[in-house]
Amino acid sequence: MPQFAAHLSLMYTELPLLDRFAAAAHDGFRAVELHFPYAFDPREIAARLQDNGLQLVLFNAPAGGFGPTDMAHAWDQGARGLAAQPGREAEFRAGVLEALRYAEQLRCPFINLLCGTVPPGVERESLKALCVGNLRWAAEQAARAGCDILIEPTNLRDVPRYFLNRQDHAHELLDAAQVPHLKVLMDLYHCQLVEGDLHGKLQRYLPTGRVAHIQVAGVPTRNEPDRGELHYPFLLDTIDALGYTGWVGCEYTPAAGTSQGLGWRDLALRSRAPHPA
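All residue numbers refer to positions counted from 1 along the written sequence of the respective chain. With pLDDT at 70 or above as the cut-off, local features in this predicted model cover only qualifying residues; side-chain atom pairs require 80 or more to be listed or tallied, and sums for whole chains, interfaces and linings still use all residues. Here the side-chain values reflect all heavy atoms present in the structure, with hydrogen atoms and water set aside.

Chemist: Account for helix α8 (residues 198–205), with residues named and values stated.
Modeler: Remark: exposure states derive from per-residue accessible area (1.4 Å probe, protein chains only) relative to the maximum for the residue type, with buried under 20%, exposed over 50%, and partly exposed in between. Counting from the N terminus, the helices are DSSP H or I runs at least four residues long and the strands are E runs at least two residues long. All buried positions along α8 are accounted for by L198, G200, K201, L202 and Y205. Between two residues, a contact is recorded if the distance between any of their heavy atoms is within 4.5 Å. On its buried face, α8 is in contact with α6 (167–177), β6 (182–187), α7 (188–194), β7 (211–216) and α9 (232–241).

Chemist: Tell me about the sheet that holds strand β1 (residues 3–7), and name the residues and values.
Modeler: Each strand in a sheet pairs with its neighbour through backbone hydrogen bonds, running either in the same direction (parallel) or in the opposite one (antiparallel). The 8 strands lie next to each other as β1-β2-β3-β4-β5-β6-β7-β8, forming a closed barrel whose pairing is parallel. Sheet twist, expressed as the average angle between the axes of neighbouring strands with direction ignored, equals 30°. Strands are treated as partners if at least two bridges between them are detected by DSSP. Sheet analysis places strand β3 (residues 55–60) next to strand β4 (residues 110–112), joined by 2 bridges and oriented parallel. Within the sheet, the bridge partner assigned to N60 lies in β4 and is N112. Axes, fitted as lines to C-alpha atoms, cover a helix only where it is in contact. Angles between the N-to-C directions of the axes lie from 0 to 180 degrees. The strands touched by helix α4 (residues 89–106) are β3 and β4; relative to β3, the strand with the most contacts, the crossing angle is about 175°.

Chemist: Describe the nonpolar core, naming the residues involved and giving the relevant values.
Modeler: Membership of the largest hydrophobic core comes to 88 residues, with the highest contact counts inside it found for F59, L188 and I214. Residues within four places of I214 in sequence aside, it is in contact with M186, L188, L202, L206, I239, Y244, W247, V248 and G249. By size, the runner-up hydrophobic cluster in this structure holds 9 residues, among which are A5, A31, V57 and L150. Remark: nonpolar core denotes a set of buried residues (Ala, Val, Leu, Ile, Met, Phe, Trp, Tyr, Cys) joined through side-chain atoms within 4.5 Å.

Chemist: Quick rundown of the pairing of β1? Include the residues and the values.
Modeler: The element β1 is largely enclosed, with a buried count of 4 among its 5 residues. Where β1 lies against strand β8 (residues 247–250), 4 bridges are found, and the strand directions are parallel. Of the residues in β8, the one forming a bridge with F4 is V248. Relative to strand β2 (residues 31–33), β1 runs parallel, the two sharing 3 bridges. From the neighbouring strand, A5 faces β2, where its bridge partner is A31.

Chemist: Tell me about the pairing of strand β5 (residues 148–151), residues and numbers included.
Modeler: Successive side chains on a regular strand alternate, one facing one side of the sheet and the next facing the other. The alternating pattern of β5 places D148 and L150 on one face and I149 and I151 on the opposite face, and all of these are buried. Between the parallel elements β4 and β5, the chain passes through helix α5 (residues 128–145) in a crossover that is right-handed. In this structure, β5 lies alongside β6, joined through 3 bridges in parallel fashion. Each bridged residue has a counterpart across the sheet, and for I151 the counterpart in β6 is V184. The path from the first strand over the helix to the second decides the hand: if it runs clockwise while the strands point away from the viewer, the crossover is right-handed.

Chemist: Lay out the environment of I239 in plain terms, naming residues and giving numbers.
Modeler: Topologically, I239 is positioned in helix α9. On a C-alpha basis, the gap between I239 and I111 in space is 22 Å, while along the polypeptide they are 128 residues apart. In this view, I239 contacts L188, L202, L206, I214 and Y244; residues no more than four positions away in its chain are not counted.

Chemist: A description of the packing of aromatic side chains should follow, citing residues and the corresponding values.
Modeler: Whether two aromatic rings pair depends on their centres lying within 6.5 Å, for rings of Phe, Tyr and Trp, where Trp uses its six-membered ring; planes under 30 degrees apart make the pair stacked, over 60 edge-to-face, and the rest tilted. With the rule as written, the count across this model stands at 6 aromatic pairs. Here F36 and W75 contribute two aromatic rings whose centre-to-centre distance is 5.9 Å and whose plane-to-plane angle is 35°, an arrangement assigned as tilted. On the criterion of sequence distance, the pair formed by F36 in the loop between β2 and α2 (42–51) and W75 in the loop between α3 (68–73) and α4 is long-range, its members being 39 residues apart. The class of F36 is buried, set by a relative accessible area of 18%. Taking the relative accessible area as the measure of exposure, W75 reaches 31% and is therefore partly exposed. Considering the side-chain rings of Y252 and W264, the 6.0 Å spacing of their centres and the 70° angle between planes classify their relative orientation as edge-to-face.

Chemist: Before we move on, can you summarise the environment of K128 with the specific residues and values?
Modeler: When you line up the elements, K128 lands in helix α5. The spacing of K128 and A84 is 44 residues in sequence and 7.2 Å in space, taken between C-alpha atoms. Each residue touching K128, except ones within four places of it in the same chain, is listed here: F163, E172 and L173.

Chemist: Pulling in residues and values, what's your account of the packing of α2 against α4?
Modeler: Between α2 and α4, the shortest axis-to-axis distance is 9 Å and the interhelical angle comes to 30°. As for the relative orientation of α2 and α4, their crossing is right-handed in sense. Where α2 abuts α4, its residues P42, R43, I45, A46 and L49 lie against R101, Y102, Q105 and L106. Per-class residue counts for the contact of α2 with α4 are 6 nonpolar, 1 polar and 2 charged. Helix crossings are classified by the rotation of the near helix relative to the far one: an anticlockwise turn of less than a right angle makes the crossing left-handed, while a clockwise turn makes it right-handed. Classification convention: Asp, Glu, Lys, Arg as charged; Ala, Val, Leu, Ile, Met, Phe, Trp, Tyr, Cys, Pro as nonpolar; all other residues, Gly among them, as polar.

Chemist: Go over unusual backbone geometry with me, naming the residues and quoting the values.
Modeler: The residue after V219, namely P220, is reached through a cis peptide bond having omega 15°. Among the secondary structure elements, P220 is positioned in the loop between β7 and α9. Look at R222: it is not a glycine, yet its phi comes out positive at around 60°. Mapped onto the fold, R222 is located in the loop between β7 and α9.

Read these as spatial facts, not as claims about activity.
And the structure:
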C-alpha cells in the first residue's frame, strides 16, 4: 500500500514553509519532502517534524553556492546543480557536505543530488566521467552519514538542457559508479514527459532495488495526479504489485488548494485498505 509524502515546497503554499508541517500532519500525512531547506536552521525544521509526528524523507542538495546564503537561493538565481559541471568540483563538494549536515540532524534517508545543465557547445557524453566521479564521491560521503544519494531524470521542457533525462541513463550512471549508496528517484511526471511507457519502466526498474523513491503528479500540468492524461489507480496498483515499499512523494502544484485536492489520495488509500475479516 503506497505511503504518501507531502512535498512542502509545492503544497500548502498559502502558509509560510515552517507552518506547512502542521498542515500536512492535519491532513493525515506521516512524511514530508522538500526542495531546499537551507534558508532555515535545521533545528527549526527538526522541531516542526517532532511536534507534528512527521518524518522528512527527501530533500535536494544545493543547486549551487559555497556559503549558506548562496546555497539557499541558488535555484531561484538560475542554478540547476553541479554534478556534471566542469570546473566546479569544489563547489559541488561543499554543497554535498552541507546537505549531509542537514540530513544527519534531520534523520533524512535520501538526498536528491542535482546534475546541472549541459553547457552550450558541450556534448553531454563528454560530461559523463565527471558526473560519475562526483556521484561516487558523494555516495561515499553519504555512506558514512547513513543515508543515500539519489539522482532524478528530469524533463527538458521544465529544465532545458538538463544533463539527466532518461531512466536508462540514470541506471547507466549507477553501473559506472558502482557504489551502494547511489540510487534513483523515479518521478513519474518527468518520465511520462520524456519517455512514456510508465508501466513498462516500473516493471523494468523497480525489481532492481535501485529505485529508492517515487514521485507523482498529473501530466501535463503538474497538478493533482487525478488530473490529466495518466491513470494513477493503475500505476499505483502496478507499484504495489511490484513490491515497492518506499515513499511516494506528492510533488505537484495543487490546482485549487492542497487540502481540497487530496481526494485522489484518500481514494487510493481507501481502495487499498485491508478489508475486515
